[in-house]
Amino acid sequence: MRHYLQFSDFTREEYDYLFERTRIIKQRLKSGQLYQPFIGKVLGMIFEKSSTRTRISFEAGMAQFGGHAMFMQSKDTQLGRGEPIEDVAKVMSRMVDIVMVRTFEQSIIDRFAENSLVPVINGLTNEYHPCQIMADIYTYIERFGSIEGKTVAWIGDSNNVSRTWLQAAKIFNFKLNLACPRGYEMTVLDGQSYGGEHFEQFYDPYSAARDADIVTTDVSTSMGFERETLQRKKDFINYKVSEKLMLQAKANAIFMHCLPAHRGEEVDPEVIDGPQSVVWDEAENRMHTQKAVIEYLLLGKIED
Ligand code: CP
Ligand code: NVA
């Protein structure tokens, strides 16, 4: 049994397979073909934080597959009243076929997975957001082909999303330039290295964006860090993706954002709503790529 708890849980070969499956699954859906391998199957979802895209993409994807997705907010369950995550995992995994968890520390989802009888997917933790970066890389490949050798400029916080970009840079052999204020640099977790040639730390966003193929950003305050919002707003004031900053990147560079976005804070409306932005494709591709992950975790490789 496999889980998808970090981007590094799949190999490059597995991603190549998953992206090919994504292409087929997406194309079938667009052409109106029914593909329902999971009739009678249930995806259980635990949300300890808010969500729009993650909930919609998993629920819609599971319904299209002929199955059901069960939405649970921890505050409405016994988890919110202190039931141990290990006990929830043991109970839930006796009744559902696969689980998605959105929570705080990575250690919580790790403990869930250790006690689960079924595959577990990370729908965002404080440390990682693998489903997001899988969709983002698919979105790039869908338009331009290989991402190998390209440069991704991340302007902003060293958070769950940028840390997942870093894991992806090593697997897909591209470079991540990260520009953030001093004091917000990327922290290395679980003994993983920055990856040498795959990562460069900047403090000047214009230098980070120079000749980039992708410019991307995220909110300065992630969920769970709300108490730091005021301080972060001040600290990140010079880390906004503007039209002027986009001019540093390649002429055909694209702008990405996992959403939700705060226009005027981390990105100007002219950029996120402008011609270089691919944010709506990114959001849609969450559903198609996650369907490929669910299919792979439950059925293994499909030959058809
Ligand atoms: N990008 C993303 O995960 O969005 P939600 O928080 O709306 O799920
Ligand atoms: N970094 C953001 C991403 C939201 C999808 C957060 O964790 O809140």
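To keep things clear, this report deals only with the structure shown in the data block. (Residues numbered from 1 in each chain as written. Chains lettered and ligands numbered in written order. Predicted model: local features only at pLDDT ≥ 70, side-chain atom pairs only at ≥ 80, totals over all residues. Heavy atoms only, no water.)

### Some details on the packing of aromatic side chains
Within the structure shown, the criterion is met by 17 aromatic pairs. Between the aromatic rings of Phe10 and Tyr296, the centroid separation amounts to 5.7 Å while the plane-to-plane angle is 70°, which identifies the pairing as edge-to-face. With Phe10 in the segment before helix 1 (12–30) and Tyr296 in helix 11 (residues 279–299), this pair connects stretches of sequence that are 286 residues apart. Looking at Phe10, the relative accessible area reads 1%, which means it is buried. Measuring from ring centre to ring centre gives 5.5 Å for Tyr15 and Phe172, while their planes differ by 55°; the resulting arrangement is tilted. With Tyr15 in helix 1 and Phe172 in helix 6 (residues 160–172), this residue pair connects regions lying 157 residues apart in the sequence. The two residues Tyr15 and Phe172 agree in class, both being buried. An aromatic cluster is built from Tyr4, Phe7, Phe10, Tyr15, Tyr17, Phe19, Tyr138, Phe172 and Tyr296, whose rings are joined through pairwise contacts. Over the face of the ring belonging to Tyr203 we find Arg182, whose NZ or CZ atom lies 3.7 Å from the ring centre. (Phe/Tyr/Trp six-rings, centres within 6.5 Å; stacked < 30°, edge-to-face > 60°. Helix = DSSP H or I, 4+ residues; strand = E, 2+ residues; numbered from the N terminus. Buried < 20%, exposed > 50% of the residue type's maximum accessible area, 1.4 Å probe, protein only. Lys NZ or Arg CZ within 6 Å of the ring centre and 35° of its normal.)

### A look at the site of ligand 1
Close to ligand 1 lie Ser51, Thr52, Arg53, Thr54, Arg102, His129, Gln132, Cys258, Leu259 and Arg286, which account for all nearby residues. Gln132 places a side-chain nitrogen or oxygen 3.0 Å from a nitrogen atom of ligand 1. Protein contacts shield 95% of the accessible area of ligand 1, which totals 260 Å² for the unbound molecule. Its residues assigned to classes, the shell around ligand 1 shows 2 nonpolar, 5 polar and 3 charged. (Near = heavy atom within 4 Å. Polar contact = N/O pair within 3.5 Å; in protein donor to acceptor, adjacent residues only side chain to side chain. Areas by Shrake-Rupley, 256 points an atom, 1.4 Å probe, with all protein chains shown as cover. Nonpolar A, V, L, I, M, F, W, Y, C, P; charged D, E, K, R; others polar.)

### A word on the nonpolar core
Generally speaking, a soluble globular protein has its nonpolar side chains buried in company with each other. Formed by 75 residues in total, the largest nonpolar core has its most connected members in Tyr4, Phe7, Tyr15, Ile121, Ile137 and Trp165. Take this core: its biggest share by element is 7 residues, from helix 6. Setting aside residues no more than four positions away along its own chain, Ile137 makes contact with Phe7, Phe19, Ile147, Trp165, Ala168, Phe172 and Phe174. With 17 residues, the next largest nonpolar core counts Leu5, Ile46, Ile85 and Ile108 among its residues. (Core = buried A, V, L, I, M, F, W, Y, C linked by side-chain atoms within 4.5 Å. Contact = heavy atoms within 4.5 Å.)

### Comments concerning helix 11
The first and last C-alpha atoms of helix 11 sit 30 Å apart over 21 residues, in line with the 30 Å expected at 1.5 Å per residue. Its maximal kink placed at Asn285, helix 11 deviates by approximately 30°. Within helix 11, 15 of the 21 residues are buried, leaving the element largely enclosed by the surrounding structure. Downstream of helix 11 by a residue or two, Gly300 has a phi angle that is positive, lying close to 75°. (Expected span 1.5 Å × (residues − 1). Bend = angle between axes of the 7 residues up to and from the residue.)

### Some words on helix 3 (residues 85–92)
If you check which residues of helix 3 are buried, you get Ile85, Val88, Ala89 and Met92. Relative to the axis of helix 3, the buried residues are bounded by an arc of 100° and lie together on one face. Looking at the packing, one finds that the buried side of helix 3 touches strand 1 (42–47), strand 2 (68–73), strand 3 (98–102) and helix 4 (106–114). (Arc of directions from axis to C-beta.)

### Side note on the sheet that holds strand 8 (residues 214–217)
The strands making up a sheet are joined through hydrogen bonds of the backbone, oriented either antiparallel or parallel. One open sheet accounts for 5 strands, arranged 7-6-5-8-9; its pairing is parallel. Pairing within the sheet leaves two strands with one partner each, and these edge strands are strand 7 (199–202) and strand 9 (254–257). Sheet twist, expressed as the average angle between the axes of neighbouring strands with direction ignored, equals 20°. Across 4 bridges, the pairing between strand 8 and strand 9 is parallel. Note on strand 9: the bridge partner recorded for Ile214 is Ile254. Running over the sheet, helix 5 (residues 130–144) touches strand 8 and strand 9 and is turned about 160° from strand 9. (Pairing = 2+ DSSP bridges. Axes fitted to C-alpha atoms, helices over the stretch in contact; angles between N-to-C directions.)

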